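What follows is each chain in one-letter form.
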Amino acid sequence: MIFFLVIIGAAQAATWTVCPTICNYDNISAAIASGAVNDGDKLDIQADDISAPNITKDLWLDCSTGQINRTLTIWNNAVNISHCVIRPTSGDGIITYQSSALNITESEIIGAQNGIYAREDSLVKAASNIFGENAIGLRLLTTQNATACNNIFGNNSVQASSNKTTDIFDNR
């Protein structure tokens, strides 16, 4: 009898750096367009990005040393964002469409029309963020489920608005 041993390794997510020089990609849009960046990968944003990315992959964005200066648009994907300062030059901070899932933690969204604008049945979880100087901090339209906790809302015209059942609690 012959036995075969098959070892199947789980694919591990890759980390890609994003900055104008000496990084894997010049900007978020270029990384997303790349065939090398796959669902589940992490983009480490190391400098300010003005590329106005449409996020079409399931990604983790970490901006511990960079800032995003345009609207992030998420289309039907699961995106985790942490340690980011999102300060768009105009428009919204983050827009979600078509059943997207957004998990944002320990980030700041400042100076946007809508800090987060969740549309078309997107799932949103926002924890330990700062929403400041936005027209509306957290805008939930046709969103099925949302959880917001331990966020700080400061100097927004409207802190949060929703047209569906949501769980918004424990914010300041």
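Calculation notes
- Residues numbered from 1 in each chain as written.
- Predicted model: local features only at pLDDT ≥ 70, side-chain atom pairs only at ≥ 80, totals over all residues.
- Heavy atoms only, no water.
- Core = buried A, V, L, I, M, F, W, Y, C linked by side-chain atoms within 4.5 Å.
- Buried < 20%, exposed > 50% of the residue type's maximum accessible area, 1.4 Å probe, protein only.
- Helix = DSSP H or I, 4+ residues; strand = E, 2+ residues; numbered from the N terminus.
- Contact = heavy atoms within 4.5 Å.
- Phe/Tyr/Trp six-rings, centres within 6.5 Å; stacked < 30°, edge-to-face > 60°.
- Lys NZ or Arg CZ within 6 Å of the ring centre and 35° of its normal.
- Pairing = 2+ DSSP bridges.
- Disulfide = S-S within 2.5 Å.

Colleague: Talk me through the nonpolar core; I want residue IDs and the actual numbers.
Modeller: By size, the foremost hydrophobic cluster in this structure holds 34 residues, and its most contacted members are L43, L72, I81 and I94. Considering each element in turn, this core owes the most residues, three residues, to helix α1 (residues 28-33). With near-sequence residues (within four places) excluded, L43 lies in contact with W16, V18, I28, A31, V37, L59, W60, L61 and D62.

Colleague: Now, about unusual backbone geometry: what can you tell me, with residues and values included?
Modeller: One non-glycine residue with positive phi stands out, namely S128, at about 60°. Assignment of secondary structure puts S128 in the loop between β13 (123-127) and β14 (130-132).

Colleague: I'd like a rundown of the packing of aromatic side chains, residues and numbers included.
Modeller: Following the criterion strictly, the structure yields three aromatic pairs and no others. Ring geometry for W75 versus Y97: centroids 4.4 Å apart, planes at 15°, classification stacked. Of the two residues, W75 sits in strand β6 (residues 72-75) while Y97 sits in strand β9 (residues 94-97), which places them 22 residues apart along the sequence. Residue classification places Y97 among the buried residues on the basis of a relative accessible area of 15%. Between F131 and F153 the ring centres are 4.9 Å apart and the planes differ by 10°, which places this aromatic pair in the stacked class. Of this pair, F131 sits in strand β14 while F153 sits in strand β17 (residues 152-154); the two residues are 22 residues apart in sequence, bridging distant segments of the chain. Each member of the pair, F131 together with F153, is buried. Cation over ring: K42 sits above W60, and NZ or CZ is 4.2 Å from the ring centre.

Colleague: Run through the environment of F153, naming residues and quoting values.
Modeller: With relative accessibility at 12%, the residue F153 sits in the buried group. For the pair F153 and F131, spaced 22 residues apart in sequence, the C-alpha separation works out to 4.9 Å.

Colleague: Which residues make up the side chain of S34, and what are the values?
Modeller: Examined against the element boundaries, S34 turns out to sit in the loop between α1 and β2 (42-45). Beyond its immediate chain neighbours, meaning those up to four positions away, S34 contacts Y25 and K57.

Colleague: Quick one: what's the story with the sheet that holds strand β18 (residues 158-162), residue by residue and with numbers?
Modeller: Reading across the sheet, the six strands line up as β3-β6-β9-β12-β15-β18 and stay open at both edges, with parallel pairing between neighbours. Sheet topology places β3 (54-55) and β18 at the edges, where each strand pairs with a single neighbour. Both β9 and strand β12 (residues 114-118) contribute to a ladder of three bridges, which runs parallel. The partner of I95 across the bridge, within β12, is Y117.

Colleague: Which residues make up the state of the cysteines, and what are the values?
Modeller: If you walk through the whole model with that rule in mind, you get two disulfides. Covalent S-S linkage joins C19 and C23, the inter-sulfur distance amounting to 1.9 Å. Judged by the sign of its S-S torsion, about 95°, the bond between C19 and C23 is right-handed. Exposure class is identical for C19 and C23. Each is buried. In this model C63 forms its disulfide with C84; the gap between the sulfur atoms is 2.0 Å. Sign of the S-S torsion, about 65° for the bond between C63 and C84, identifies this disulfide as right-handed. Of this pair, C63 sits in the loop between β4 (59-62) and β5 (67-68) while C84 is found in the loop between β7 (78-82) and β8 (85-86), placing the two residues 21 residues apart along the sequence. Both residues of the pair, C63 and C84, count as buried. Take the cysteines of the protein chain that form disulfides and number them in order along the sequence; they join up as 1-2, 3-4.

Keep in mind that these numbers describe shape and distance, not what the molecule does.
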